[in-house]
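This is what each chain is made of:
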Amino acid sequence: MILGALMKRGSHIAVIGAGLGGATAAALLQREGFQVRLYEQARSFERIGAGIHVSANVMKVLHHLDAEHRLSQLGIHPDTFTSREWNTGDVLFELPLGNTGRQKYGASYITVHRHDLHAALLEKVRPGTIEFDKRLTAVRSDGAAARLSFADGSSAEADLVIGADGVNSKVREAVVGPSKSRFTGAVAHRAIYPSALLNGLQVRNCTKWWGPNSHILIYYIEQTRKEIYLVTSAKGDWNSEAPWEFCTREEVASAFEGFHPEVRQVIETAPQLTKWPILDINPIDKWSEGRLVLLGDACHAMTPYMASGAAMAIEDAAVLVRCMLQSDDPATAFALYQAVRMPRVSKVQRISAENTFLRYPTDPAWVFAYDAVTVPLEPPQQ
Ligand SMILES: Cc1cc2nc3c(=O)[nH]c(=O)nc-3n(C[C@H](O)[C@H](O)[C@H](O)COP(=O)(O)OP(=O)(O)OC[C@H]3O[C@@H](n4cnc5c(N)ncnc54)[C@H](O)[C@@H]3O)c2cc1C
């Protein structure tokens, strides 16, 4: 099928999934004059208990979208990222952030509530663009258009479709065939709660405690330090279809037995904890097919151990839109996008799976100094 010159500004683009990557793509496309519909399966977005690292490479895309300032005022700017031994608390590595990080990586590094990052991106999407409660069930491409079918029985057409529908992507099935996400054998416990409950304990900014088979990160998510966030990874089972479940404090405390008293106190004062399966996908080497193209977890879901899955989705969106502006031909644009992005996300995927990033002295400039808004649109030199 020849789609040449289909992709002019004004083309109708359907973005499936209004998560972090999909919202970024929609906002950037609209700024460039594309007609965008954003289809999201959720009825609305709730403020679920999760924090997120927004590293300098992400802040550069947010800056380009004029979404950086508000988030930067809200989120906490840790002075360091600190790695500590699980039981003794010995410092294994301390990466300077704050002003030093800003100079080295070209933007701030903050931690925020995930919902606030999402809201900052959605705010840049034109009102009326998102159709909620639209779960894509099938997508088919023929000569004239891409045809979308939704669980509510409705359908739609678009010139091009961006699959930003996460780890269990439906669009991915249309690109590479049946492809399920994979449970990695680890679960993440999460809690956000008032730091007043810590009984005066002063938590250092952004610390990862490294245990033999598990780890826990503890950090604030607002400059006010009113709330504290914990997120773990520990061996576990998952037999549920739900994206997450509540879990008991005893379960988490037993997974982190023997950890430093500071860690135990943070777990033991958490009023409510949730548990999430850690999923990934087998790497795929085809990110587009005809009118369809994938981004973010849909094409490279990874373990969260570099805190970079969302960062990669947001970078993908920025590079994809630039490639679409550079070439009118989707096949050329999508091939260039994949060539620019794949070496980087494959490296991040691999190091995330190893769970070694920043444990010991590391120079992370290759991750944080990257600028998706200006990176040359050519395959990187290996
Ligand atoms: C415990 C944990 C901690 C993490 N911490 C970090 C971190 O600190 N920093 C970081 O960068 N990353 C982190 N990540 C990873 C990050 O959350 C994901 O990589 C990121 O959300 C991927 O963005 P996305 O837009 O590709 O997908 P998502 O954000 O998952 O968005 C996909 C969207 O598509 C919608 N959707 C799905 N299927 C359909 C369908 N059929 N029809 C319509 N809509 C659909 C979903 O409802 C959702 O809104 C973490 C992940 C976990 C599990």
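Here, the structure is the one placed above.
First, a word on scope: everything that follows refers to the structure included in this document.

How each quantity is defined
Residues numbered from 1 in each chain as written. Predicted model: local features only at pLDDT ≥ 70, side-chain atom pairs only at ≥ 80, totals over all residues. Heavy atoms only, no water. Pairing = 2+ DSSP bridges. Helix = DSSP H or I, 4+ residues; strand = E, 2+ residues; numbered from the N terminus. Axes fitted to C-alpha atoms, helices over the stretch in contact; angles between N-to-C directions. Near = heavy atom within 4 Å. Polar contact = N/O pair within 3.5 Å; in protein donor to acceptor, adjacent residues only side chain to side chain. Areas by Shrake-Rupley, 256 points an atom, 1.4 Å probe, with all protein chains shown as cover. Nonpolar A, V, L, I, M, F, W, Y, C, P; charged D, E, K, R; others polar. Phe/Tyr/Trp six-rings, centres within 6.5 Å; stacked < 30°, edge-to-face > 60°. Buried < 20%, exposed > 50% of the residue type's maximum accessible area, 1.4 Å probe, protein only. Lys NZ or Arg CZ within 6 Å of the ring centre and 35° of its normal. Core = buried A, V, L, I, M, F, W, Y, C linked by side-chain atoms within 4.5 Å. Contact = heavy atoms within 4.5 Å. Right-handed = clockwise from strand over helix to strand, strands pointing away.

## What about the sheet that holds strand 10 (residues 155-158)?
Here we have three strands laid out as an open sheet, ordered 8-9-10, and antiparallel in their pairing. Each of the sheet's edge strands pairs with one partner strand only, and the pair in question is strand 8 (136-141) and strand 10. On average, each strand axis in the sheet is tilted by 20 degrees relative to the strand beside it, whichever way the strands run. Note that strand 8 and strand 9 (residues 146-150) share five bridges and pair antiparallel. Of the residues in strand 9, the one forming a bridge with Arg140 is Arg147.

## What about the site of the ligand?
Around the ligand sit 30 residues, and of these Gly21, Glu40, Arg114, Leu136 and Asp297 come closest. Within the backbone of Gln41, a nitrogen or oxygen atom sits 3.1 Å from a nitrogen atom of the ligand. Protein burial of the ligand: of its 1000 Å² of free accessible surface, 85% is covered by the chains. Where the shell around the ligand is concerned, the elements lending two or more residues are helix 1 (20-31), strand 3 (51-54), strand 12 (182-194) and helix 10 (309-326). With four residues, the single largest contributor to the shell around the ligand is helix 10. Classifying every residue of the shell around the ligand gives 14 nonpolar, nine polar and seven charged.

## Some thoughts on the packing of aromatic side chains
Following the criterion strictly, the structure yields eleven aromatic pairs and no others. On the basis of an interplanar angle of 75 degrees and a centroid distance of 5.4 Å, the ring pair of Tyr105 and Phe368 is categorised as edge-to-face. Taken together, the positions of Tyr105 in helix 4 (residues 98-105) and Phe368 in helix 12 (residues 365-368) put the pair 263 residues apart, joining distant regions of the chain. The pair formed by Tyr105 and Phe368 is uniform in burial state, with each residue classed as buried. A ring pair is formed by Phe256 and Phe259, whose centres lie 4.9 Å apart and whose planes are at 70 degrees; its orientation type is edge-to-face. Of the two residues, Phe256 and Phe259, both sit in the buried class. An aromatic cluster of at least three residues, connected via ring pairs, comprises Tyr105, Tyr109, Phe357 and Phe368. Above the face of the Trp210 ring, Lys208 is positioned so that its terminal group lies 4.0 Å from the ring centre.

## A look at the nonpolar core
Within the largest apolar cluster, 103 residues are counted, with the highest numbers of intra-cluster contacts made by Leu29, Val54, Leu62, Leu117, Leu148, Val161 and Val319. Not counting chain neighbours up to four residues away, the residues in contact with Val319 comprise Tyr337, Val340, Arg341, Tyr370, Ala372, Val375 and Leu377. Counting residues in each nonpolar core, the second largest holds 23 residues, with Ala191, Leu198, Leu201 and Ile218 among its members.

## Description of the pairing of strand 2 (residues 35-39)
Pairing between strand 1 (residues 12-16) and strand 2: five bridges, direction parallel. When the bridges of strand 2 are listed, Ala14 appears paired with Arg37. Handedness of the crossover is the feature at issue here: the chain leaves strand 1, passes through helix 1, returns alongside strand 2, and the resulting connection is right-handed. Pairing geometry for strand 2 and strand 7 (residues 130-131), over two bridges, is parallel. Paired with Tyr39 across the bridge in strand 7 is Glu131.

## Structural notes on the environment of Leu325
Position of Leu325 among the secondary structure elements: in helix 10. Counting along the chain gives 41 residues from Leu325 to Ile284, while the straight-line C-alpha distance between them is 25 Å. The residues contacting Leu325, other than those within four sequence positions of it, are Arg9, Glu32 and Phe34.

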